[in-house]
Each structure stands twice: as structure tokens, then as C-alpha cells.
Amino acid sequence: MGLQDRRKMEACKYSYDGLKLDQFTKRVIAISPTVFGFNEQCAKDNAFQHSPSKSADKTIEKAKEEHKGYVANMRAAGVEVVVYDQANDAAVDSIFPDWFTVQRGDSIPDGVLTVYPMCHPIRREEKNTKIIEELKKTCKHFIDLSSLEATGEFLEGKGSLIYDHRNNKIYCCLSDRAKLSALEKYVGLLNKISLKPWKMVTFQAKDKEGKVIYHTDCMLQLLNKHALLCEESLLDPQRTMIIEELSSTKLNICPYAILTISFEEASHMCCNILNAINVNRDNVLLMSLQAYEHYTKEHKNILEMNYKVVVSDVSTIEYVGGGSTRCLLAEFFQALSLILMLSLIHIS
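In short, a report on the structure. What you see is a predicted model; the values in this text were computed from it and never measured.

1. Re the overall build of the chain
Then, in step 1: Within the chain, the regular secondary structure consists of 13 helices and 15 strands.
Then, in step 2: Among the 348 residues that make up the chain, the fraction classed as buried is 56%.
Then, in step 3: Once local pairs closer than 6 in sequence are excluded, the contacts in the chain between residues at least 24 apart make up 76%.
Then, in step 4: Split by element, the accessible area of the chain, about 14700 Å² in all, is 53% carbon and sulfur.

The structure is reproduced here in C-alpha cells:
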């Protein structure tokens, strides 16, 4: 099978079938903002951020309104949402829970909570003891990488890491916020508790201005059937390598059909979306109004044919905070229910 064929291939026969829930989450965590604003520290390497034209109070109120609407839209679509209040008013980016992940699946059935080393000091203030203690109760394993902040080894959680649970890979765009040494230490710890080893797929990507892309989810996203990839942000041989890693039948149990996202689409948050599973076991695609309006007609048709698309207006949050619908959530993978576990055992 040639490279062009792999880009156009049909979705893998092993993709979501109503039982296998390890790739996408049924429950998400959102942080309700008390304070929100322009973060000067992070704006140095986040090209999506802009200083607001509105007053601080109006910006906060608008962000609260958008966040509340987003949560309501998710719940109306049947996605379970757990909402925590912002714990520290000084941490104006608390609305973006990049500092922790909860992973659970075939490889780590008992679950692992990981707390990550954040690059900018103000973002370290987002770490919430209440959230940590409550989530630790749901997972057998706990990894805390916070000590790496002292040595300048950063790895900003779900922003930096795209997990492929079906194929046991972690995709990471290396940057000042995602250091290779931190990733190697993390994967080393992860593989000590995982039933199957995780493979690191690392690369560097640049935006249309030639600046290093700071978070992986600005240019890559994995969905049930598709991988959204901004190929323009990559140079060969890395571009060819990433396409192979995503779509090759030799390198994957379940390869993806690639949707090639343009710089124009990527600059409008078209990769910063999230595939979740609702109560009806539909694949729900959570995206912003900005993203929806900037997909090409072809891409929009493909997504609407294959997913239940839920669109939310988070334009103030995007403009000021530099993050979109995926940035606003943390996946909360749950243990398989007893009925589902018995079903899987019976099937096997």
C-alpha cells in the first residue's frame, strides 16, 4: 500500500464498535473560571493569544458565559461533565487544565493520574490539591513530575501529548514546553505500570510564520476514524514519518485515515477539538464555532458524516487565552462497568 493510498484509506475495522472505550472518554473535567485574562508569560510562545480590547471585568464575564454555554452544550449532547471551581485567582489560565491527565485503558486498566511539569511559573499555580486528591481515589497509580520544573524539564500534559490508546503511542511536538528528557522520563515511568509498552513519536513543527508550535494539539488530533494533521507544519523526513506512524497498517493495529489540515485551518483551532463518547455511545466531536466555520467544505462534510458535531462559541476564551475546546477539558477515563467487562470477557 502506497503513501497516498494510506492517506485515503477507510477507517480501521477495529475502530470504536460500541464496546471498546479505551481510546475516547465518556467523561470530561472542566474548570469553571473565577478570574480569566491575558497571560503575558504564556503569550511569549503562544501565538494564539491576544491582549483583550474589552475591560478586564467584561472579559471575565464573557469567558464565564462562554464556558457555561460550552458545558451546557456538552451535557445536552450526552457527554458527562465534571466541573471544578478555579482554586487560585492568580492563575488566570486555570480554565485550561493542561497540568494533569487521567489515563485508563487496555494497557493501564487500573488507571493512572499524572501531574505534569509546567513551563511558565504562573501556570504551576493552577495545580489544585482538591482535584489531585479526588482523582487519586479513582486510580491505582500516581505519577508526579512536578520536580522536573526545577531542572527546566517541562511537559505540559494533554497540550503536549496526543495519546493513541489503540496503538499504544504518544505523539509529542517538542518545544520549550515539551522537552525530550521529560518525555523520556515520563514514558519510562508509564511503561513500568503498563501491560503494553508505549512508543514515543517525537517531532518538531512550525507555524506559517516559522515559529515552533508550542503544543501538539495545535497541529494534530486523533478521532475515532481520522487523524487531523497539519502536514504543512512538518518538513521531511519528519512529515513522511508521522504520516507512516498514523496510517501504516504495518505500524498500527488500527491505522487512521488522515485529513490534511491546512495552515489556515490550524490557525483557527481546527485541530484543537475533542472526540468524546456520549450516553448513547455516539462519537461526539467537540469544537469551537471558529473551527467549524474555517474547515474546508470537504473536511466539514467528512466530520459531519462520521461524528455528532457539537459547536460552541468560545471566541473570547480563544482570543485572549489562546486555547479552544480541547484545551478547556481534561479527559477522565473511567473503569469499565461490570456489565461491560463481562461482555468483553464473553466476546473474547
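2. Let's talk about the packing of aromatic side chains
Then, in step 1: Inspection of the entire model under this criterion finds 3 aromatic pairs.
Then, in step 2: Ring plane angle 70° and centroid distance 5.6 Å describe the contact between Tyr-116 and Tyr-186, whose orientation is recorded as edge-to-face. Pair noted here: Tyr-116 is in the loop between β4 (112–115) and α4 (121–124) and Tyr-186 is in helix α7 (residues 180–193), with a separation of 70 residues, a long-range link. For the pair shown, Tyr-116 and Tyr-186 are each scored as buried.
Then, in step 3: Relative to Trp-198, the ring of Tyr-163 lies with its centre 5.9 Å away and its plane at 90°, an arrangement referred to as edge-to-face. With Tyr-163 in strand β6 (residues 161–164) and Trp-198 in the loop between α7 and β8 (199–203), the pair connects residues that are 35 residues apart, well separated along the chain.
Then, in step 4: Exposure remark for Trp-198: the relative accessible area of 7% places this residue in the buried category.
Then, in step 5: For Lys-136, the ring lying beneath its charged end belongs to Phe-142, and the centroid distance is 4.7 Å.
Then, in step 6: Between the NZ or CZ atom of Lys-300 and the centre of the ring of Tyr-292, over which it lies, the distance is 4.2 Å.

3. What to know about the sheet that holds strand β9 (residues 220–222)
Then, in step 1: A sheet is described by the order of its strands in space; here 3 strands give the open sequence β9-β10-β11, paired in mixed fashion. A strand with exactly one partner marks an edge of an open sheet, and here the two such strands are β9 and β11 (257–260). Pairwise comparison of adjacent strand axes, ignoring direction, gives a mean angle of 20° for this sheet.
Then, in step 2: Inspection of the sheet shows β9 paired to strand β10 (residues 226–229) by 3 bridges, in the antiparallel sense. Across the sheet, residue Gln-221 finds its bridge partner in β10, namely Leu-228.

4. Focus on the nonpolar core
Then, in step 1: Core analysis: the biggest nonpolar cluster contains 37 residues, and Met-219, Leu-229, Leu-246 and Tyr-295 have the highest contact counts within it.
Then, in step 2: Among the elements of the structure, β7 (169–173), β8, β9, β10, α8 (238–247), β11, α9 (263–266) and β13 (283–288) are those that each provide at least two residues to this core.
Then, in step 3: Those residues within four positions of Tyr-295 in sequence are excluded, and the remaining contacts are Leu-228, Ile-261, Glu-265, Cys-270, Ile-273, Met-287, Lys-300 and Leu-303.
Then, in step 4: Membership of the second largest hydrophobic core comes to 23 residues, among which are Val-79, Phe-96, Val-284 and Leu-286.

5. Remarks on the side chain of Glu-245
Then, in step 1: In this structure, Glu-245 sits in helix α8.
Then, in step 2: A polar contact of 2.6 Å, which involves the side chain of Glu-245, links it to the side chain of Lys-199.
Then, in step 3: Beyond its immediate chain neighbours, meaning those up to four positions away, Glu-245 contacts Lys-169, Tyr-171, Lys-199, Val-201, Leu-251 and Asn-252.

6. Observations concerning the pattern of salt bridges
Then, in step 1: Per the counting criterion, the structure on display carries 17 salt bridges.
Then, in step 2: Notably, a salt bridge pairs Asp-98 with Lys-158, separated by 2.9 Å at the nearest N-O pair. Highlighted residues: Asp-98 in the loop between β2 (80–85) and β3 (100–103) and Lys-158 in helix α6 (residues 157–160), separated in sequence by 60 residues.
Then, in step 3: Residue classification places Lys-158 among the buried positions, given a relative accessible area of 3%.
Then, in step 4: Bridged by salt links that share partners, the residues Asp-98, Arg-123, Glu-126 and Lys-158 form one connected network.

7. With respect to the sheet that holds β8
Then, in step 1: Read across the sheet, 3 strands follow the order β6-β7-β8 without closing on themselves; strand pairing throughout is mixed. The open sheet terminates on both sides in strands that have one partner only, identified here as β6 and β8. Mean inter-strand twist for the sheet, computed between neighbouring axes without regard to direction, equals 20°.
Then, in step 2: Alignment of β6 against β7, held across 4 bridges, turns out to be antiparallel. Looking at the pairing, Leu-161 lines up with Cys-172 of β7.

8. A look at the pairing of β7
Then, in step 1: Most of β7 sits inside the fold, with 5 of its 5 residues counted as buried.
Then, in step 2: Counting the residues that bridge the hairpin from β6 to β7 gives 4 residues, and of these Asn-168 lies at a positive phi of roughly 55°.
Then, in step 3: Of the crossover connections in this fold, the one passing from β7 over α7 to the parallel β8 is right-handed.

9. As for the environment of Lys-54
Then, in step 1: With respect to the helices and strands, the residue Lys-54 is situated in the loop between α2 (40–43) and α3 (56–76).
Then, in step 2: By relative accessible area, which is 42% here, Lys-54 ends up partly exposed.
Then, in step 3: For the pair Lys-54 and Thr-316, spaced 262 residues apart in the sequence, the C-alpha separation amounts to 9.9 Å.

Basis of the calculations
All residue numbers refer to position in the chain's written sequence, counted from 1. Local features in a predicted model are, by the rule used here, given only for residues with pLDDT of at least 70; side-chain atom pairs are given and counted only at 80 or more, and totals for whole chains, interfaces and linings are based on all residues. Heavy atoms from the whole structure form the basis of all side-chain values; hydrogens and water molecules are not counted. Helical segments are the DSSP runs of H or I of at least four residues, strand segments are the runs of E of at least two, and each set is numbered from the N terminus. Burial classes: relative accessible area under 20% of the type maximum marks a residue as buried, over 50% as exposed, and values in between as partly exposed (1.4 Å probe, protein chains only). Contacts between residues were defined by any pair of non-hydrogen atoms, one from each residue, lying within 4.5 Å. Computed with the Shrake-Rupley method and a 1.4 Å probe, the accessible areas treat only the protein chains shown as cover for residues. We call Phe, Tyr and Trp rings a pair once their centres come within 6.5 Å, taking the six-membered ring for Trp, and we label the pair stacked below 30 degrees between planes, edge-to-face above 60, and tilted otherwise. We count a charge as sitting over a ring when the NZ of a lysine or the CZ of an arginine lies within 6 Å of the ring centre and within 35 degrees of the ring normal. For two strands to pair, DSSP has to find at least two bridges joining them. Only C-alpha atoms enter the line fits that serve as axes; for helices the fit covers just the stretch in contact. Angles between N-to-C directions range over 0 to 180 degrees. Nonpolar cores are built from buried Ala, Val, Leu, Ile, Met, Phe, Trp, Tyr and Cys residues. Side-chain atoms within 4.5 Å join them into one set. Polar contacts here mean pairs of N or O atoms no more than 3.5 Å apart (in protein, one a potential hydrogen donor and the other a potential acceptor; neighbouring residues in sequence count only if both atoms are side-chain atoms). Any Lys or Arg side-chain nitrogen found within 4 Å of a carboxyl oxygen on Asp or Glu counts as a salt bridge. Whether a crossover is right-handed comes down to one check: with the strands pointing away from the viewer, does the path from the first strand over the helix to the second run clockwise; if it does, it is right-handed.

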